[in-house]
Amino acid sequence: MLFYILRRVVSAISVIIVTLVASFGLFFVAPTDPAGTICGQRCTPERYADISASLNLDEPVAQQVGEYLKGIVVGRTYHSGGLTIDCDAPCLGYSYTLGQPVTKLIGQALPITVSIVLGGAVVYLLAGILAGVVAARRRGTSLDRIMVGTSLGINAVPYFVVALLVALYATFLPHAGYHPLLENPLTWASGLLAAWLTLGLTNAASYTRYARASMIETLGEDYIRTARAKGISERRVVYHHGLRAAITPVATIFGLDLAFQLTGAIFTEAIFGLPGLGVLTLRAFNQYDLPVLMGGVLIGSVVLVAMNLLVDILYTILDPRVRLA
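Throughout this description, residue numbers start from 1 for each chain and increase along the sequence as written. Whole-chain, interface and lining totals are the exception, using all residues; otherwise, since this is a predicted model, local features are given only for residues with pLDDT of at least 70 and side-chain atom pairs are given and counted only at 80 or more. Note that water and hydrogens are dropped before the side-chain values are worked out from all heavy atoms of the structure.

Another aspect to go through is the packing of helix H6 (residues 142-156) against helix H8 (residues 185-219). Axes here refer to lines fitted to C-alpha atoms; in helices the fit is confined to the stretch in contact. Angles between the N-to-C directions go from 0 to 180 degrees. Helix and strand assignments come from DSSP, with helices taken as H or I runs of at least 4 residues and strands as E runs of at least 2, each series counted from the N terminus. Two elements in contact, H6 and H8, have axes whose closest approach is 8 Å; the angle formed by their N-to-C orientations is 135°. Our classification of the angle between H6 and H8 gives oblique. The way H6 lies across H8 gives a crossing that is left-handed. Together, Asp 144, Val 148, Ser 151, Leu 152, Ile 154 and Asn 155 of H6 and Leu 201, Thr 202, Ala 205, Ser 206, Arg 209 and Arg 212 of H8 make up the contact between the two elements. Nonpolar residues are Ala, Val, Leu, Ile, Met, Phe, Trp, Tyr, Cys and Pro. Charged residues are Asp, Glu, Lys and Arg, and all others, Gly as well, are polar. Considered class by class, the residues forming the contact of H6 with H8 number five nonpolar, four polar and three charged. Here the word oblique covers every angle except those under 35 degrees (roughly parallel), over 145 (roughly antiparallel) and from 65 to 115 (roughly perpendicular). What makes a crossing left-handed is the near helix being turned counterclockwise from the far one by less than a right angle; a clockwise turn instead makes it right-handed. Contact definition: two residues touch when any of their heavy atoms are within 4.5 Å.

What follows is the structure, encoded as structure tokens:
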């Protein structure tokens, strides 16, 4: 297993490097003027020269990429308005638009996105899996049809519409806002409650169907019938023997969903006024802040690759029949 993990880690690093180089070429080597784009319309010659020198735009492309990678490991130095700014490792660049290192900007935004996504994940995993198991056990009954129909109806409505309705009309929920967890956990949770419920309940509809389909298939297996024939209680058969096997494919979907939500929670953040990673990236796009866009791409690729690796390892824990090779 250790060899498998090492092999996957090496593969993951290579994927991240390829993504980074491709993004760098798209943003900085394309037939445009990166310094002029970053500097903006009211760019002075001195500021333009600072940006060009700091980004090594007069150097070969390979050296530019090398300097960027070197900055991630040991840091870099930037020049802005006659000042010298030291960007400590891991340095993901410097935002001349906001006047701050990209690492600092992402460090401020990422905890907000992580809080939203993980809180919503707890809601839709618990609600979705529980509803799916109940529907599978009552297959063909009115309760089953109501659950499946409700989940299909929720999924038919675009997510941003549901979020807007909650933001506009769910006045009984605490006002949305972000407060650091360590300062006041209760205030932190209350400010994110609307986002958690919206993200959780809309995704729970899909997980209800995933869990139901997987549970129905599992409950038809021979070892389940054998367990029932031995006189084991129905609750133990369903939740101890059946759920562990049924949750394995759901875990795969969850790992990928979690990765995509971490890198794409922009609707939730924008509608509820939470300045997370999605809002930061969108603002960078509107302001042509290329260093911030590069940082966002790098963080997104790391999250996606890491979640894929974790899902593969989790498979062996949930399903003993699976072995890593």
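The biggest cluster of nonpolar side chains holds 59 residues, and the ones touching the most others in it are Phe 28, Met 215 and Leu 258. It is helix H5 (residues 102-137) that contributes the most residues to this core, 10 residues altogether. Setting aside chain neighbours within four positions, we find Phe 28 in contact with Pro 34, Ile 38, Leu 55, Leu 290, Pro 291 and Met 294. What makes a nonpolar core is a set of buried Ala, Val, Leu, Ile, Met, Phe, Trp, Tyr and Cys residues whose side-chain atoms join them at distances within 4.5 Å. Any residue under 20% of the maximum accessible area for its type is buried, any over 50% is exposed, and the rest in between are partly exposed; the area is computed with a 1.4 Å probe on protein chains only.

DSSP calls a pair of strands paired once it identifies at least 2 bridges connecting them. Across five bridges, the pairing between strand E1 (residues 76-80) and strand E2 (residues 83-87) is antiparallel. Note that in E2 the partner of Ser 80 across the bridge is Leu 83. In textbook terms, the turn of a hairpin is the stretch between consecutive antiparallel strands, and for E1 and E2 this stretch comprises two residues, one of which, Gly 81, has a positive phi near 60°.

Turning to a nonpolar patch on the surface, a few remarks are in order. A grouping of Phe 160, Leu 164, Leu 165, Leu 168, Tyr 169 and Phe 267 is seen on the molecular surface, where their side chains present a nonpolar patch of about 640 Å² in accessible area. The leading source of residues in the nonpolar patch is helix H7 (residues 159-169), at five residues. Mapping Leu 165 onto the fold places it in helix H7. Residue classification places Leu 165 among the partly exposed positions, given a relative accessible area of 47%. Distance thresholds for patches are 9 Å for like charges and 5 Å for nonpolar side chains (Val, Leu, Ile, Met, Phe, Trp, Tyr), applied to residues having over 30% relative accessible area and no salt bridge. Computed with a 1.4 Å probe, the accessible areas rest on the Shrake-Rupley method; for each residue, only the protein chains presented here act as cover. Should a side-chain nitrogen of Lys or Arg be within 4 Å of a carboxyl oxygen of Asp or Glu, the pair is scored as a salt bridge.

Tracing the backbone shows Gly 128 in helix H5. When the C-alpha atoms of Gly 128 and Ile 224 are compared, they prove to be 22 Å apart, with 96 residues separating the residues in sequence. Apart from the residues lying within four places of it in its own chain, the contact partners of Gly 128 are Val 123, Ala 204, Tyr 207, Thr 208 and Ala 211.

This paragraph deals with the UniProt feature "domain: ABC transmembrane type-1" (unreviewed entry) in the protein. UniProt positions are given in the numbering used here, feature names are shortened, and annotations may be inferred rather than shown by experiment. According to UniProt, the positions carrying the feature "domain: ABC transmembrane type-1" (unreviewed entry) are residues 110-315. Secondary structure content for residues 110-315 is 83% helix and 0% strand, and the end C-alpha separation is 27 Å.

This part covers the domain arrangement of the protein. Domain start and stop points were drawn from an automatic or database domain assignment. You can read the domains of the protein as domain 1 (34-91) and domain 2 (103-322). Using C-alpha coordinates to define each centre, domain 1 is positioned 39 Å away from domain 2. Listed as interface residues are seven residues of domain 1 and, on the opposing side, seven residues of domain 2. Simply put, the buried area is the total loss of 1.4 Å probe accessible area from both parts when two parts are fitted together. Approximately 550 Å² of surface area, both sides summed, lies buried where domain 1 meets domain 2, with 71% of it carried by carbon and sulfur atoms. Considering only the surface of domain 1 that becomes buried against domain 2, Thr 37, Ile 38 and Tyr 68 emerge as the three largest contributors, covering 68% of it. Our count for the contact surface shared by domain 1 and domain 2 stands at zero salt bridges. Considering every element that reaches the side of domain 1 that touches domain 2, the biggest residue donor is helix H2 (residues 34-39), with three residues.

This brings us to the pattern of salt bridges. Enumeration over the complete set of coordinates arrives at three salt bridges. Between Arg 228 and Glu 234 there is a salt bridge whose closest N-O contact spans 2.8 Å.

Expected helix span is given by 1.5 Å per residue-to-residue step, counting one fewer step than there are residues. Spanning 14 residues, helix H4 (residues 61-74) covers 20 Å between terminal C-alpha atoms, matching the ideal 20 Å at 1.5 Å per step. Buried within H4 are the following residues: Gln 64, Val 65, Tyr 68 and Gly 71. Seen along its axis, H4 keeps its buried residues to an arc of 115°; they face one direction. More than 90 degrees from the buried face of H4, the exposed residues found are Ala 62, Val 73 and Val 74. Looking one or two places after H4, you find Gly 75, whose phi comes out positive at around 95°. Along the arc lie the directions from the helix axis toward the C-beta atoms.

The UniProt entry lists residues 9-30, 112-135, 156-174, 186-205, 245-272 and 292-318 under the feature "transmembrane region" (unreviewed entry), expressed in the numbering used here. This span, residues 245-272, is 93% helix and 0% strand, and a straight line between its end C-alpha atoms measures 37 Å.

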